[in-house]
Amino acid sequence: MLNMAEGIARLGALAESPVVATLADAFAAAGHDLAIVGGPVRDALLGRPTNDLDFTTDARPDDILRIVKPISTAQWDIGRAFGTIGAKVAGEQVEVTTYRADSYDGVTRKPTVEFGDTLEDDLVRRDFTVNAMALRVPGRTLIDPTGGVEDLVARRLRTPADPAVSFGDDPLRMLRAARFSSQLGFEVDPATVQAVADLRETLAIVSPERIQGELVRLLQTDDPVRGIRLLVETGLIGEFLPEVPALRLEVDEHHHHKDVYEHSLTVLRQAIDLEHARHPDAAPDVPLRLAALLHDIGKPATRRLEPNGGVTFYHHDIKGARLARKRLQALRFDSDTTAVVTRLIELHLRFFGYAEGTWTDSAVRRYVRDAGDELERLHILTRADVTTRNARKAGRLARAYDDIERRIAELSAREELDAMRPELDGNRIQAVLGIGPGREVGEAYRFLLDLRLDEGIVGQDEAERRLREWWAARG
């Protein structure tokens, strides 16, 4: 629960920090207002860490630059057209922006940039009331024209103006509602939720790169499921990731199977828990979280209702990987992220064959080879994919995965699985067979790799003997 006395004390400490005090004194001496605005004020009141500091002022960009130059070690004006000047003050990077009074045409997200004259008018045009508070410095006056403090206390997200107007101005704010809901653990005001549902199609004017950025920020939160539910319930996610709501498969009374949508959300949560347990200090693993959310998106297209009342999803792993690749490319994800996510989806069912019987060492080696650099992520995804309420079955699967990880560790220690290569390289293959570069060298290499996977390390002499036998058998 929000403790206002403690929050105000934290704001006071923020105002006393060297960077804030230095800037505040400089702007006051120049006869201009200055205020800390947005996220830092919200987070200080909530007792959350404050990172990047954003300031707003009545000074115009040229004046901002003139004021900060003597007190900073570097300045940048890439955002000058939008009223923003960046600087490094007291060792910290800050941005100072002129009050804004922008207008939008409803056709694009790009506003007609207009500078404003008052702090209050600047705050009213922001996305949510909890981000529309400011702390005037050096006087330390909290400015809250839209009820942000009350919404912090109520743990509520609400737009400062009519949500239809706010989202009409900038549809990306609808995605931010989902992200902040997850990030802060807040409920979204019903009128705001309705506006998202009503205006979801306006997201079409937002670039794929911007949508991707908000999706990534949502997945980086500790509980992205809260935000994903909002996106699904309002229909907004259907505008950029329709495969997720499609997981809500209809089930008739004769064919029973898991709710794939709820299962996927559970897998996402369990993957995040395992991620934190294994790597508590690491940054959020967005490719892993994407794979957890999307791992079953091939099921709707592959679902078959059997006469005996069963349901099958044959090859949904392959279908899902293809769908994920297409969707991630449309959202302009980089090629590395796309490759990791699709590979994890392709492989996410492989382990269940191990749980149903004993794999040979050869099968374990091939599992490691196919996973490659994504083996650790595959471990997490596969464990997270167990959502059964049957304690006996869950225990059996957990023991099976403990066993495969043990065997991988043993084989790695003995056979250097991380360097899964034949014992002869291309040059040695050519020397042993007396051939030059060409297709035959690649075929020989693949033969030796299969030998390595099937039997482990056999030694160079034995590898050469087997290679000669293979070559002779080819005629």
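Residues numbered from 1 in each chain as written. Predicted model: local features only at pLDDT ≥ 70, side-chain atom pairs only at ≥ 80, totals over all residues. Heavy atoms only, no water.

Engineer: Looking at this structure, I do not really get the sheet that holds strand S7 (residues 141-143). What am I missing?
Structural biologist: Strands belonging to one sheet form pairs held by backbone hydrogen bonds; the direction of such a pair is parallel or antiparallel. Across the sheet, which stays open at both edges, the 7 strands sit in the order S3-S4-S5-S2-S1-S6-S7 with mixed pairing between neighbours. Unpaired on one side and paired on the other, strand S3 (74-76) and S7 mark the two borders of the sheet. Along the sheet, successive strands turn relative to each other by an average axial angle of 30°, direction set aside. One ladder, built from 2 bridges, connects strand S1 (residues 35-37) with strand S2 (residues 53-57); its direction is antiparallel. By the bridge assignment for S2, Ile36 is matched with Phe55. In this fold helix H3 (residues 39-46) packs onto S1, S2, strand S6 (134-136) and S7, with an angle of close to 80° to the strand it touches most, S1. (Pairing = 2+ DSSP bridges. Helix = DSSP H or I, 4+ residues; strand = E, 2+ residues; numbered from the N terminus. Axes fitted to C-alpha atoms, helices over the stretch in contact; angles between N-to-C directions. Contact = heavy atoms within 4.5 Å.)

Engineer: Explain helix H23 (residues 460-473) to me, please; I cannot follow it from the model alone.
Structural biologist: Because each turn of an α-helix spans 3.6 residues, side chains separated by three or four positions in sequence point in the same direction. The first and last C-alpha atoms of H23 sit 20 Å apart over 14 residues, in line with the 20 Å expected at 1.5 Å per residue. For H23, the full list of buried residues reads Ala463, Glu464, Leu467 and Trp470. The arc enclosing the buried residues of H23, seen along the axis, measures out at 125°, which places them on a common side. Residues of H23 that are exposed and angled more than 90 degrees away from the buried face: Asp461, Ala472 and Ala473. For H23, the elements touching its buried residues are helix H21 (426-433) and helix H22 (439-455). Immediately beyond the C-terminal end of H23, within one or two residues, lies Gly475, with a positive phi of roughly 80°. (Expected span 1.5 Å × (residues − 1). Buried < 20%, exposed > 50% of the residue type's maximum accessible area, 1.4 Å probe, protein only. Arc of directions from axis to C-beta.)

Engineer: Help me understand the nonpolar core in this model?
Structural biologist: Proteins that are soluble and globular tend to have nonpolar side chains buried together. With 112 residues, the main nonpolar core has Phe240 and Leu294 as its most contacted residues. Beyond its immediate stretch of four places on either side in the chain, Phe240 contacts Leu175, Leu203, Ile211, Leu215, Leu231, Arg327 and Leu331. In terms of nonpolar packing, the next biggest core, distinct from the first, is built from 11 residues, Val432, Val441, Ala444 and Leu467 among them. (Core = buried A, V, L, I, M, F, W, Y, C linked by side-chain atoms within 4.5 Å.)

Engineer: Teacher, can you tell me more about the pairing of strand S4 (residues 84-89) here?
Structural biologist: On any regular strand, side chains alternate: one points to one face of the sheet, the next to the other face. A large share of S4 lies buried, amounting to 5 of its 6 residues. Relative to S4, S3 is paired through 3 bridges, and the arrangement is antiparallel. Looking across to S4, one finds that Ala74 is bridged to Lys88. For S4 and strand S5 (residues 92-98), the ladder comprises 6 bridges, and the chain directions are antiparallel. Along S5, the bridge assignment pairs Ile85 with Val96. Linking S4 to S5, which pair antiparallel, is a turn of 2 residues; within it Ala90 sits at a positive phi near 50°.

Engineer: Which parts of the structure should I look at to understand helix H16 (residues 335-347)?
Structural biologist: Over its 13 residues, H16 runs 18 Å from end to end, which matches the ideal 18 Å to within 8%, given 1.5 Å per residue. Residues of H16 that are buried include every one of Thr337, Thr338, Val340, Val341, Thr342, Leu344, Ile345 and Leu347, and no others.

Engineer: In this structure, what is going on with the packing of H21 against H23? I would like to understand it.
Structural biologist: At their nearest, the axes of H21 and H23 sit 10 Å apart, and the two run at 60° to each other. For the element pair H21 / H23, the angle class is oblique. For the pair H21 and H23, the sense of crossing is right-handed. Residue-level contacts link Arg428, Ile429, Val432 and Leu433 of H21 to Gln460, Glu464, Leu467, Arg468 and Trp471 of H23. Along the lines of polarity and charge, the residues of the contact of H21 with H23 split into 5 nonpolar, 1 polar and 3 charged. (Parallel < 35°, antiparallel > 145°, perpendicular 65-115°, else oblique. Left-handed = near helix turned anticlockwise from the far one by under 90°. Nonpolar A, V, L, I, M, F, W, Y, C, P; charged D, E, K, R; others polar.)

Engineer: Any chance you could explain the packing of aromatic side chains here in plain terms?
Structural biologist: Across all of its chains, the model carries 3 aromatic pairs by this definition. Residues Phe128 and Phe180 carry aromatic rings whose centres are separated by 6.0 Å and whose planes lie at 75° to one another, so their mutual orientation is edge-to-face. Of this pair, Phe128 sits in the loop between helix H5 (119-124) and S6 while Phe180 sits in helix H8 (residues 172-184); the two residues are 52 residues apart in sequence, bridging distant segments of the chain. Residue Phe128 is classed as buried on the basis of its relative accessible area, which comes to 0%. Judged by relative accessible area, which is 6%, Phe180 ranks as buried. Here the basic side chain of Arg179 rests over the ring of Phe180, its NZ or CZ set 4.5 Å away from the ring centre. Directly above the ring of Phe313 sits Lys299, whose terminal nitrogen or CZ lies 4.8 Å from the centroid. (Phe/Tyr/Trp six-rings, centres within 6.5 Å; stacked < 30°, edge-to-face > 60°. Lys NZ or Arg CZ within 6 Å of the ring centre and 35° of its normal.)

Engineer: What am I meant to see in the packing of H16 against helix H19 (residues 375-384) here?
Structural biologist: The angle between the axes and the distance between the axes are what describe a pair of packed helices. Where H16 meets H19, the axes come as close as 10 Å, and the angle between the chain directions of the two elements is 50°. Classified by the interaxial angle, the pair formed by H16 and H19 is oblique. Judged by the twist between their axes, the crossing of H16 over H19 is right-handed. Taking contact as the criterion, the partners of Val340, Leu344 and Leu347 in H16 are, on H19, Arg377, Leu378 and Leu381. Across the contact of H16 with H19, the residue classes tally to 5 nonpolar, no polar and 1 charged.

Engineer: Can you walk me through the pattern of salt bridges in this structure?
Structural biologist: Between side chains of opposite charge, a pair can form when the charged atoms approach closely. In the structure shown here, the tally under the stated rule is 43 salt bridges. Across the pair Arg179 and Glu214 runs a salt bridge, and its minimum N-O distance is 2.9 Å. Placement of Arg179 in helix H8 and of Glu214 in helix H10 (residues 208-219) is noted, with a sequence separation of 35 residues between them. On the basis of relative accessible area, Glu214 is assigned to the buried category, the value being 3%. (Salt bridge = Lys/Arg side-chain N within 4 Å of Asp/Glu carboxyl O.)

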